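# Per-entry structural report
Listed below are the residues making up each chain.
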Amino acid sequence: MSLLVKFESKSARVKGISFHPTRPWVLASLHSGVIQLWDYRICVLLDKFDEHDGPVRGICFHNEQPIFVSGGDDYKIKVWNYKQRRCIFTLLGHLDYIRSTFFHHKYPWIISASDDQTVRIWNWQSRNSIAILTGHNHYVMCAQFHPMEDLVASASLDQTVRVWDISGLRKKQMPGGGAPRTGTGQQADLFGQPDVVVKHVLEGHDRGVNWVSFHATMPILVSGSDDRLVKMWRYNESKAWEVDSCRGHYNNVSSVLFHPNAELILSNSEDKSIRVWDMHKRTSLHVFRHDNERFWVMSSHPNLNMFAAGHDNGMIVFKIQRERPAFTAAKEMIYYVKDRQLRKFDTTTGKDSSMAKLRAPAAFMLPYYSLQYNPGENAFLLSASSHNKELCTYDMYKVTTREGECSDAPVVARSAGVATVWYTLNRYAVLDKNQQISIRDLSNKEVRKVELNQPCNDMFFAGTGKLLLRNEDGVQLYDVQQKRAVGAVKASKVKYVIWSRDMSHAALISKHQLLIVDREMNVVCTHQESTRVKSGAWDDEGVFIYTTSNHIKYALLSGDGGIVRTLDVPLYVVTVRGASLFCLNREAAPVEVPIDPTEYKFKLALINRRIDQVLNMVKGASLVGQSIISYLQKQGYPELALHFVKDEKTRFGLALECGNLDVALEAAKVVDEKAVWEALGEAALLQGNHQIVEMAYQRTKDFEKLSFLYLMTGNTEKLTKMMKIAQMRNDVHGHFQTALLLGDVDERMKILKSVGQTSLAFLTAATHGRTEEAEEFKGELEAKKQSVPPVSEKAALLMPPPPISKMADNWPHLQSSRSILELKLASATTQAAPGKPKPAAAAFAAADDVDVDDAGEGWGDDDVYLEEGEEREHGEGGEGEEGGGWDDDDLALPDLPEEVAAEGEGFVAPVRGQPPAAHWPNNSKLVADHVAAGSFDTAARMLHDQLAIVHLGPFKPLFLSLHARSRVSLEGLPSAGSLFAYPLRNWEEAAGRAGLPAIGVKVADLATKLQAAYHHTTAGKFSEAIEQLRAILLSVPLLVVATKTELAEAEQLIEICREYLGGLLLENRRKELPKSTPAEQRRNAELCAYFTHYELQPVHRILTLRSAVNTYFKMKQLKTCMGFCRRLLDLGPKPEIATQIRKVLSAAERDPTDAHEGWSYDEHNPFTVCARDLVPIYRGKPQSRCPFCGTTYSPQHEGSICDVCQVGQIGGHASGLRISVLQGSK
C-alpha cells in the first residue's frame, strides 16, 4: 500500500476541507480567516473568500447547487455563491466558536456544531434555525448527517458521542415543501415527541472526542479522541456498543473517516501522521508522516478515490493506492486485469471476455503494477509493486483455455522481484531487491545472472536481448550479451516506456514530461506538461497519442504537438486504431474514444511533403482555428494559411508575410483602416510597387509622403496638383515645400509674401535674378521702415534637378520558380472554380497605371482617393481587349495551371540575401566564431556546455568587441548608408558559405596584457592587476588557435591567471582583516603563509615569502619562519635580500620552535586553498573545482558561482575548453 500525494498547498493552518462533487476543486478554510478555492488537478489557486473575522473551522460544498457553507470563530455561518464570488447570506444564533458545518445530502439543511455546547440544524432556503440539539456539557467538536438515514452524530469534549434521531424533524419540515406545518398539527406537536431525540450516547473515550463519522452503508461509527485512540462503534434500533479500538497514534487524533470504496479507516493526528487501518483487523496498514506539521482535519471526495488533509502549513490532496489498471496490447487485442481476472478485449469486434482467474493478494492492498504478454507462449508476467521492495512480487501465468472459457490459471512462477520483463521468446528478466538481474526460463529456473555495476531501480522492455534500466539520473539501454550500456538518456523518474510498432522510437513518460528517443537513446523531442502525463500509444504513422489528467494530446517526431480533445475523467490509452482510441478507465472498463486526427495528420503530411494529402485536406477545409494558422506561419507556409482564413484582417497579415500584395490590397480595401493602409504602403515600398504605395498614401491622406513619392518617381504633373491641393487646404508649409520640390520660384515668393515674410521673399527674388520683384519687395520693406537684408555673393540657386525619365512602371522583380506545393495548390484552386478565370498580375498592374493617369481632373478636390470603380473598369476593359484578338486553336499546349502560364505570376519579391556572418555558426563549433557572427545565444550555450559558465554578464563587453571586430565598414554612395565587409581567416581556401571570420583576439595580445598585469602586481596595485587578469582569463575561451603550441599556451594562460587571481584576492582579503586580537593576528599570519603557495613568477614569489618571513619572525614562529627563509633563498634573490634573509635564518636556527601551537598551516602536507573560505584543503580531502579556471573549493560551495573567474559554476559538468580549429571542425 502507498499514499500518493497529488497536490500540496502552502498557506496558514488549514482547519476545514471540502471537495467539490464534480469539479476538481477543493476548499480550504484557514486559521487566518481566509477561505481558499484550489484546482488540485492543475495546482492553481482559483479564488479567495475573506469575510470571516477569525479562524474558519467549518467548510462544505453543496452537492448540487453552486454554493458552500462556512462557520468561524466569529459565531457566524456564511453561505457563499462561488459563481457570484460573494457571501449571499449569514446565519446568526450560535454563541461561541463554530467547529463544523455540513450540508444535508437531500434536504435544504445545514448542521453546525459549536463551542456553545449545542448542535443546530438550519434551513438554508428559509434562512432560519429549525432545531437546536442540546445535551452535551462541553464543546461540540463535530456534528454530521448520516449519508442515507435520518440520523445525526455529534462528538464533544465531554468524552461522549451522541447519535440523534431526526425523523421527527423530517416529518415536520418536509411535507409542506420545507415549511413548518400550521394549525392543529402544530398544536399537537407541542405535547408530542420533540423533533430531535437522542437515540444513543456512546461512552468509552477517556478524553474529549474530536471527530465522528458514519459508515455509508453499515451501522458503524468511528471516532477520534484526545486519548489517542480511534474507536469503532456499532448501533441498531435499540442500543449501541463499542466494537474495538485502533491504537498507534501518540498524540491527539484530529480527524477520522471511512474509506468510501474499501474496508479501511483513515485517521490523522497532531503526531504529524496519517494512518490507514484495516477495518476488520483494526491494525495499522500504512503510516504517512509529515515532518514538523501537525494534522488537524481530513476529508474524502464524495465520488473519487481522493482525500485531503490539512496541517499547520497548508494541505495535501492524496490517494490511497494507484487506480491505473495493469494492461498491455498485442495486435488487435487488449489484455488487462480486473477484479482478480485476466481479461481480453477485441478492438475489431468489441468483444470483452475473461481469460483466467488470478490468484493474487487483495487487489486494493497490493495491486498489479504492470502486465507483460508473450504471444509466442501465450504467457503473462504480472508485477505487484510496493514502496517496500521486500514486498514486491511477480507472477507468471500460462493461459491454455479455449475461447470463451475461464478457469483458474496455474501460477507457473511466483517470486520476489522489483520488476520483470520479457527478454526473449522463452526467457524473462527479473530485477531483484539487490539491484541485480536474473534471466529465467519459462519454468522460473535461473539460467543466468547479470551483475550490474551501477544502481538500478526499475527495468523496461527494449527488444530481444536488451533491457532499459532506470536509475536516478536517467535511463540506459543495456545489452545483456555485451554486458555494457550501449546508449543512455537523461530523464528523471521515468515511469513508463512505450515503444513504437517498428521499435524505432520509444516514448519515456515521467510525471510531467514526455521524452521521445530513437533506438540509440538519442533525444528526438521533449514535451513538458503542467498536469500529469497518464499514458500513451503509437499510431500507425508514427504519431504518439498520450493522455494527461484532462486532455488527449499528440506528439510528432518533429517536436510539434497539440490537443486532440479534452477529458472529464482520466483515461489510460492502450492502442490507437485510425480515428478511435481504445482506453481503460479507472474502473478497468474498456472505453472507445472517437478522436479527430485531421490536425496531426495534416502536420505530418506537411512535414513529410506529402502534397496530395495536404491538398485533399485544404479542399476539405476541415481545419479551423488560430492554432493551425500560427503553425503554418511558423513552418514558413503563410500562403497555405491564406486558404484557411476568412477574417480579412488576418488574411491581410498573412498576405504581407508571404509578399502577396494582390491579396493584401483586396483585404485592405475590405478592412479599410488607416493602420492597414500604412502597413500595405510600407510593404509595397519594399517591393518597389509605387502604384500601390500611391494608393495607400491617398487612403491615409499622407500628403507629405505622397509628394515625396511623386518627386522620386519624376511625376511633376501630379506634384503640381499636390501643390494646388495644399493651397486649397490652406497648408502653407506643405504648399511651400511642394513649390520648393518643383523649383517654382514665383510660387515661393507669393507664399512668403502672403505670410508676411517680405524679407525672405526679397532674398528669394534677388538670389534667383528676379530684379523687378526684388525691387518691389525692397520698396515695401523701406515703406515699412524695415531693414533690407544683404544678399550674399556666394548665394546659389535652390533648384531641384529635373527628372531624367518619369517612372511609370513598378520596379522589376526577379523571376523565381514556385514550389511544387504552390503549383499544385494553384492548380487545385483553379479546378475548384473553372468558370471564374483569375486575372493575371500584369493586368492588375496596368489597371493601376491607367487609374493614375486618368485621375487628372480629380486633383482639384479635397478627396484625393482613386475611385475603385474606375480601377475595376480599366481592369475589365484590358481583359476584354486581349480576349478576342488571339487564335490558339492550332496550338497544342501542355496542361499547366493557369497561374503558371499567366504573365507575371512567376515574379515575386526578391528575398534579401544573408551576410557571410550568417553561415559562420554552421561552419564552426568554436565560441569565437559564434560571437563574431552575433549568435550570442548559441555562444552562451557552448560556454555553458564546455566550461559550465552560467553568469554571462562579464562577457558582454568582450562579446560586443569581438562582434564589432568581425566586420569593417565601407562608404558607399552618398546618403546610401555604409556597406559592411567581412574579413575571413580562410579566404585562400574558402569563401561565401564556407568562410570563417578573421581572428580578433590572439594569444600574443593576451601575453602583452599579462605583462602589464605583472607590472601592476610588482607595484602593489592589486585591484588594477585583478581587473586585467580577469579580462585576460575571460578572453581565453574567445581565442581561435591553429597549432598545439598555441593551444598549450592558452591553457597555461588560464593556469597563470587562476594562480595570480587567487593569490591577489587572498591578499586583499588579508589586508582588510583587523589585527587587534591574538586570534585575528593568527588568522592574518595564516593567510600570509597561504599566499606563498600560489604558483607566481619568481619575482612575485620572493615578495610573498619576504612578507611571510617578516610576519612569522615578529610573531616568534621561528620554526615555520625557517621554512620560508630556505624557500626564498632557493629562488636566488638579489644579494642584499639574500644577506638579510640569511641573518633571519641564523637567528631562527638558534631557537627553532614556534611560540604558538595548533595553527592550521602545515607546510609539509601538500594542500590547495579554498578560494572562498581561505582554508587549506589537504590532499585526499573532498573538494570541488570550477570547470573554467580550475580554482579549488570546499564541497559545500558546489553549485555557486566561482569567486575567481566570477562566471563558472563550482562543480558543474563541462566537456572542456575548445578553441582549436581542429577541435571545432565538423
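Parameters and conventions
Residues numbered from 1 in each chain as written. Predicted model: local features only at pLDDT ≥ 70, side-chain atom pairs only at ≥ 80, totals over all residues. Heavy atoms only, no water. Helix = DSSP H or I, 4+ residues; strand = E, 2+ residues; numbered from the N terminus. Buried < 20%, exposed > 50% of the residue type's maximum accessible area, 1.4 Å probe, protein only. Contact = heavy atoms within 4.5 Å. Areas by Shrake-Rupley, 256 points an atom, 1.4 Å probe, with all protein chains shown as cover. Patch = residues over 30% accessible without salt bridge, like charges linked within 9 Å, V, L, I, M, F, W, Y side chains within 5 Å. Salt bridge = Lys/Arg side-chain N within 4 Å of Asp/Glu carboxyl O. Pairing = 2+ DSSP bridges. Axes fitted to C-alpha atoms, helices over the stretch in contact; angles between N-to-C directions. Phe/Tyr/Trp six-rings, centres within 6.5 Å; stacked < 30°, edge-to-face > 60°. Lys NZ or Arg CZ within 6 Å of the ring centre and 35° of its normal. Parallel < 35°, antiparallel > 145°, perpendicular 65-115°, else oblique. Left-handed = near helix turned anticlockwise from the far one by under 90°. Nonpolar A, V, L, I, M, F, W, Y, C, P; charged D, E, K, R; others polar. pLDDT = per-residue confidence, 0-100. Lys, Arg positive; Asp, Glu negative; His and termini not counted.

Let us now look at the overall build of the protein. Scanning the protein for helices and strands turns up 32 helices and 62 strands. Out of the 1226 residues in the protein, the part that is buried amounts to 49%. Taking contacts inside the protein between residues at least 6 apart in sequence as the whole, the part at least 24 apart equals 49%. Approximately 60000 Å² of the protein is accessible, and the part contributed by carbon and sulfur atoms is 50%.

Taken together, I42, V44 and L46 make up a surface patch of nonpolar side chains, about 190 Å² in accessible area. Within the secondary structure, L46 sits in strand 5 (residues 44-49). For L46, a relative accessible area of 36% puts it in the partly exposed group.

Of all six residues that make up strand 12 (residues 118-123), six are buried, and the element is covered over most of its length. Alternating positions in strand 12 separate into two faces, T118, R120 and W122 on one and V119, I121 and N123 on the other, with burial throughout. Relative to strand 12, strand 11 (residues 109-114) is paired through five bridges, and the arrangement is antiparallel. By the bridge assignment, W109 is partnered in strand 12 with N123.

This brings us to the sheet that holds strand 45 (residues 484-490). Read across the open sheet, the four strands follow the order 42-43-44-45; overall the sheet is antiparallel. Each edge of the open sheet carries a strand with a single partner, namely strand 42 (458-461) and strand 45. Pairs of neighbouring strands in the sheet enclose a mean axial angle of 25°, with direction left out of account. Sheet analysis places strand 42 next to strand 43 (residues 466-470), joined by four bridges and oriented antiparallel. Residue pairing for strand 43: D458 is matched across the bridge by R470.

Let's shift gears to the packing of aromatic side chains. Throughout the structure, instances matching the rule amount to 34 aromatic pairs. Taking NZ or CZ as reference, K15 lies 4.1 Å from the ring centre of W296, over its face. Its guanidinium or amino end placed over the ring of Y496, R324 lies 3.8 Å from that ring's centre, counting from NZ or CZ.

On to the packing of helix 23 (residues 936-947) against helix 24 (residues 956-965). Remark: helix 23 packs on helix 24, axes separated minimally by 12 Å, with the N-to-C direction vectors making an angle of 125°. Accordingly, the angle class assigned to the pair helix 23 and helix 24 is oblique. Relative to helix 24, helix 23 is oriented so that their crossing is right-handed. From helix 23, F936, A939 and L943 reach across to helix 24, where they touch F959, L960 and H963. Tallied by class, the residues present in the contact of helix 23 with helix 24 amount to five nonpolar, one polar and no charged.

Counted under the stated rule, the structure contains 35 salt bridges. Taking the shortest distance from any N to any O, the salt bridge between K172 and D195 comes out at 3.1 Å. Within this pair, whereas K172 is found in helix 1 (residues 167-173), its partner D195 is found in the loop between helix 2 (184-189) and strand 17 (197-203), the two being separated by 23 residues in sequence. When its relative accessible area of 19% is taken as the criterion, K172 is described as buried. For K398, the salt bridge identified is with E377, shortest N-O distance 3.7 Å. In this pair, K398 sits in strand 35 (residues 393-398) while E377 sits in the loop between strand 33 (368-374) and strand 34 (379-384), placing the two residues 21 residues apart along the sequence. Among the residues examined, K398 registers a relative accessible area of 29% and is labelled partly exposed. The class for E377 is partly exposed, based on a relative accessible area of 28%. In this structure, a network of salt bridges that share partners links the residues R13, R294 and D312.

Strand pairing in a sheet relies on backbone hydrogen bonds, with the paired strands running either antiparallel or parallel. One open sheet holds the four strands; their spatial order is 22-23-24-25, and the pairing between them is antiparallel. The open sheet has two edge strands with one neighbour each: strand 22 (253-258) and strand 25 (284-289). When strand polarity is set aside, the average angle formed by the axes of neighbouring strands in this sheet is 15°. Across five bridges, the pairing between strand 23 (residues 264-269) and strand 24 (residues 273-278) is antiparallel. Across the sheet, the residue bridging to L266 is V276, located in strand 24.

Take the packing of helix 7 (residues 648-657) against helix 8 (residues 661-671) next. Closest axis-to-axis distance for the helix 7/helix 8 pair is 8 Å, and the angle between their directions is 155°. Relative to helix 8, helix 7 is oriented roughly antiparallel. When the axes of helix 7 and helix 8 are compared, the crossing they make is left-handed. Contacts from E648, K649, R651, F652, A655 and L656 in helix 7 reach L661, V663, A664, A667, A668, V670 and V671 in helix 8.

Further remarks concern the confidence of the model for the protein. Per-residue confidence for the protein gives a mean pLDDT of 82, with 85% of residues at or over 70. Here residues 177-192 is a poorly scored stretch, pLDDT under 50, and it has 11 contacts once near neighbours within four places are set aside; other chains count. The model gives residues 830-907 a pLDDT under 50, and that stretch makes 83 contacts with residues more than four places away or in other chains.

What follows covers unusual backbone geometry. When glycine is set aside, most residues are seen to have a negative phi, and most peptide bonds are trans. Its identity as a non-glycine residue notwithstanding, K331 has a phi of 55°, on the positive side. Positionally, K331 belongs in the loop between strand 29 (327-330) and strand 30 (333-338). On the basis of relative accessible area, K331 is assigned to the exposed category, the value being 72%. Of note in this structure, M521 is not a glycine but carries a positive phi near 70°. Tracing the sequence through the fold places M521 in the loop between strand 48 (513-518) and strand 49 (523-528).

All right, on to the side chain of K6 then. Relative to the assigned elements, K6 resides in strand 1 (residues 3-10). Buried charged residue K6 carries no salt bridge. Nearest counter-charge: E323, at 7.1 Å. In this structure K6 touches Y40, M306, V317, F318, K319, R532 and K534, once residues within four positions along its chain are discounted.

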